[in-house]
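Descriptive analysis of the structure
Given next are the chains, with one letter for each unit.
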Number of protein chains: 2
Amino acid sequence: MPKPAADRALSLQLGVDRSSPVPLYFQLAQQLESAIEKGRLAPGTLLGNEIDLAQRLGLSRPTVRQAIQSLVDKGLLVRRRGVGTQVVHSQVKRPLELSSLYDDLEAAGQRPATRVLGNTLEPATAEVAAALGVAEGDEVRRIERLRLAHGEPMAYLRNHLPAGPLAMADAELQATGLYRLMRSAGITLHSARQSVGARAADAVEGERLGEPAGAPLLTMERVTFDDTGRAVEFGSHVYRASRYSFEFQLLVRP
Amino acid sequence: MPKPAADRALSLQLGVDRSSPVPLYFQLAQQLESAIEKGRLAPGTLLGNEIDLAQRLGLSRPTVRQAIQSLVDKGLLVRRRGVGTQVVHSQVKRPLELSSLYDDLEAAGQRPATRVLGNTLEPATAEVAAALGVAEGDEVRRIERLRLAHGEPMAYLRNHLPAGPLAMADAELQATGLYRLMRSAGITLHSARQSVGARAADAVEGERLGEPAGAPLLTMERVTFDDTGRAVEFGSHVYRASRYSFEFQLLVRP
DNA sequence: GAGGTTCGATTGTCCGGACAAAGGATTGAC
DNA sequence: GTCAATCCTTTGTCCGGACAATCGAACCTC
């Protein structure tokens, strides 16, 4: 019986540019990722063994492995010893990044807008001081915003930042998200602790968000740290449950 | 002025066992992680350069790098070219795993219990069929459970699984979590798509969970995939917002 | 003293090779 | 035919080395 042609990714027009400053493994990873995304590498396809792949590309095996490993970490590929590397068969989107609501809405095609309700310096309450790791009474910046999509209120956002050198103009806060502002101010975000819950709206919250009192709200508290481990932001947000939910994908750590 | 002694991790009693079947890089990573966890490596400490570290341990630099890299991926270390590798300065816990409520409660010291309300085979509705990727009307297993902690209801869990060979005895479902059962049945979980929202309880839900009608509930829908990309579970859960919230930590992808 | 320059330290990338371990397929024994 | 032993393929781990890119600090110039 003639063996069916192996389900391999042979002619994919892969190739790297050695004069580019982009690392070789990264170039390869990008090409593979794009091939998977565009369907040129169908789910379930075997990638072909690493040694051949390296030889055909004129790369060493460690370089090819590094490229493959990065896609395994993203959940796009699966390796099995003795079998090979296979394109994962499912709808992988984004494995839950630390994203701002602004960027999320923008990516979803909603047109986000921000109404700045407050932007002041004030002494830290006990709760804020504990979250940010500063002394109670220290000056912190308090920002209150209403986030809208298509003109409809979506969420009420309250943030506290350590009163650092970075000035936050209301105009900037209206035009973009807080995270983008912080990043462009040279802060490298590293990790965040989040807590997601629900509660009923009180009268004031209902008024702000256009919901009746008692309506269910989705709440999210978050403390964000930079790579030195200092807290750089404490957010306390409420979302209209009727109009918003958190969607994300997560991977199992092997 | 005498320069203060470099804040280095020198004498840490690191060492690997070459006769062990555990990979060397993994042994080293474990030792470093435990040293960080136990405070023997204080936040901010420089790890010392990779070459020396390798030489002192009798390892090659790639092996040491692999160990360090795995901790960087976990968010415990930060690397900076020209500077060194530093212990991250913050409270890193768990970067959001695909965990079951049962395990979460158990780890938190709550004593979880399960009341199995239903465990039947029935034809898939359109919604379930779409989530699991089977044909409408195909037989699927429907499991309904009430999860309790300290005797109090915490959540109502409804799951649908493809009607595979794996039999689910009520006794097993009572004693442990669904994920643990699936794993021990040889299913390798790979990724999941989740959606977290909130809504008001209706009368039936309120009754089941011991909340008044209209109380805010936290909802979570999840489709879990194995490493071949097939959906292996569709869950539709509601939690008492007054007693439960999702807590997790997430890292920024560089 | 202020500012730019050079230099050492450290990680980032890449190479080529070697052997071990696991999974699947083939072969052989019964 | 069924089951176990064997072989082959493929990834996993590990080594040693080389050069480039980046950061911080010391140094020098003005």
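Up top is the structure.
Residues numbered from 1 in each chain as written. Chains lettered and ligands numbered in written order. Predicted model: local features only at pLDDT ≥ 70, side-chain atom pairs only at ≥ 80, totals over all residues. Heavy atoms only, no water.

Comments concerning the overall build of chain A
Here is the rule: What counts as a helix is a DSSP run of H or I of at least four residues, what counts as a strand is a run of E of at least two, and both are numbered from the N terminus. Three labels apply to residues, based on accessible area from a 1.4 Å probe with only protein chains included: buried if under 20% of the type maximum, exposed if over 50%, partly exposed otherwise in between. Contact definition: two residues touch when any of their heavy atoms are within 4.5 Å. Each accessible area value is a Shrake-Rupley result obtained with a 1.4 Å probe; residue values ignore everything except the protein chains displayed when judging cover.
Across its full length, chain A carries 8 helices and 9 strands. When burial is assessed residue by residue, chain A has 48% of its 254 residues classed as buried. For chain A, long-range pairs separated by at least 24 residues make up 58% of all intrachain contacts whose partners lie at least 6 apart in sequence. A total accessible area of about 12,900 Å² is found for chain A, and carbon and sulfur atoms account for 51% of it.

A closer look at helix α1 (residues 24–37) of chain A
Selection rule: Each residue after the first adds 1.5 Å to the expected span of a helix.
Look at α1(A): 20 Å from first C-alpha to last across 14 residues, which is about the 20 Å you get at 1.5 Å a residue. The first or second residue beyond α1(A) is Gly39(A), which carries a positive phi of 85°.

What about the sheet that holds strand β6 (residues 189–200) of chain B?
Heads up, the rule is: Two strands make a pair as long as DSSP finds a minimum of two bridges between them. To obtain an axis, a line is fitted to C-alpha atoms, over the contacting stretch when the element is a helix, and the angle between two such axes runs from 0 to 180 degrees between their N-to-C directions.
Here 7 strands make up an open sheet; going across it, the order is β9(A)-β6(B)-β7(B)-β8(B)-β5(B)-β4(B)-β3(B) and the pairing antiparallel. With one partner strand each, in any of the chains shown, β9 (246–251) of chain A together with β3 (112–123) of chain B form the two edges of the open sheet. Direction aside, the axes of adjacent strands within the sheet are offset by 15° on average.

A closer look at the packing of aromatic side chains
Using the following cut-off: Two rings from Phe, Tyr or Trp (for Trp, the six-membered ring) form a pair when their centres are within 6.5 Å of each other. A pair whose planes differ by under 30 degrees is stacked, one over 60 is edge-to-face, and the rest are tilted. In this scheme, Lys NZ or Arg CZ marks a charge over a ring once it lies within 6 Å of the ring centre and within 35 degrees of the ring normal.
Evaluated as defined, the whole model comprises 9 aromatic pairs over all chains. Ring geometry for Tyr244(B) versus Phe246(B): centroids 5.5 Å apart, planes at 85°, classification edge-to-face. The buried category is assigned to Phe246(B), whose relative accessible area is 14%. Grouping aromatic residues by their ring pairs yields a cluster made of Tyr239(A), Tyr244(A) and Phe246(A). Positioned above the aromatic ring of Tyr156(A) is the side chain of Arg208(A), whose terminal nitrogen or guanidinium carbon lies 3.8 Å from the ring centre.

Some details on the interface of chain B and chain A
Note the following rule: Here the quantity called buried area is the total loss of accessible area, with a 1.4 Å probe, experienced by two parts when brought into contact, counted for both. Criterion for a salt bridge: a side-chain nitrogen of Lys or Arg within 4 Å of a carboxyl oxygen of Asp or Glu. We call Asp, Glu, Lys and Arg charged. Ala, Val, Leu, Ile, Met, Phe, Trp, Tyr, Cys and Pro are nonpolar, and the rest, Gly among them, are polar.
Taken together, the contact between chain B and chain A spans 43 residues of the former and 43 residues of the latter. Buried surface at the junction of chain B and chain A, summed over both partners, amounts to about 4,100 Å²; 56% is from carbon and sulfur atoms. Of all residues in chain B, the largest losses of buried area upon contact with chain A belong to Arg193(B), Leu250(B) and Arg253(B), amounting jointly to 16% of the total for that side. Run the count over chain B and chain A and you get 1 salt bridge. When residues of the side of chain B that touches chain A are traced back to their parent elements, those giving at least two are β1 (77–80), β6, β7 (216–226) and β9 (246–251) of chain B. Considering only residue class, the side of chain B that touches chain A consists of 20 nonpolar, 13 polar and 10 charged.

Observations concerning the relation of the copies chain B and chain A
This is how it is decided: Each copy is superposed on the other by least squares, with the fit set by C-alpha atoms of residues at a pLDDT of at least 70 in both.
Superposing chain B onto chain A takes a rotation of 180° plus a shift of 0.0 Å along the axis, which leaves an RMSD of 0.1 Å. Both copies are brought into coincidence by an operation consistent with a two-fold rotation axis. Of every C-alpha in chain B, the one belonging to Pro216(B) sits nearest the axis of rotation, 2.5 Å from it. The share of interface residues of chain B whose copies in chain A are also at the interface is 100%, consistent with both copies meeting through the same surface.

Digging into the protein's contact with DNA strand D
Stated precisely, the cut-off is as follows: To be near a molecule or strand, a residue needs just one of its heavy atoms within 4 Å of it. Under this definition, polar contacts are N or O atom pairs within 3.5 Å; protein pairs additionally need one hydrogen-donor-capable and one acceptor-capable atom, and for neighbouring residues in sequence, both atoms have to be side-chain atoms.
The immediate surroundings of DNA strand D are formed by 26 residues, with Arg61(A), Arg18(B), Leu24(B), Ser60(B) and Thr63(B) found nearest. Near the protein, within 4 Å, the atoms of DNA strand D are sugar or phosphate in 72% of cases. In this structure, Arg65(A) approaches DNA strand D through a side-chain N or O atom, which is 3.0 Å from a phosphate oxygen. Within the side chain of Arg61(B), a nitrogen or oxygen atom sits 3.3 Å from a base nitrogen of DNA strand D. When contributions to the surface near DNA strand D are tallied by element, the ones reaching two or more residues are α3 (61–73), β1 (77–80) and β2 (84–87) of chain A together with α1 (24–37) and α3 (61–73) of chain B. Grouping the amino acids of the surface near DNA strand D by side-chain chemistry returns 7 nonpolar, 9 polar and 10 charged.

Honestly, it's all geometry; don't read function into it.
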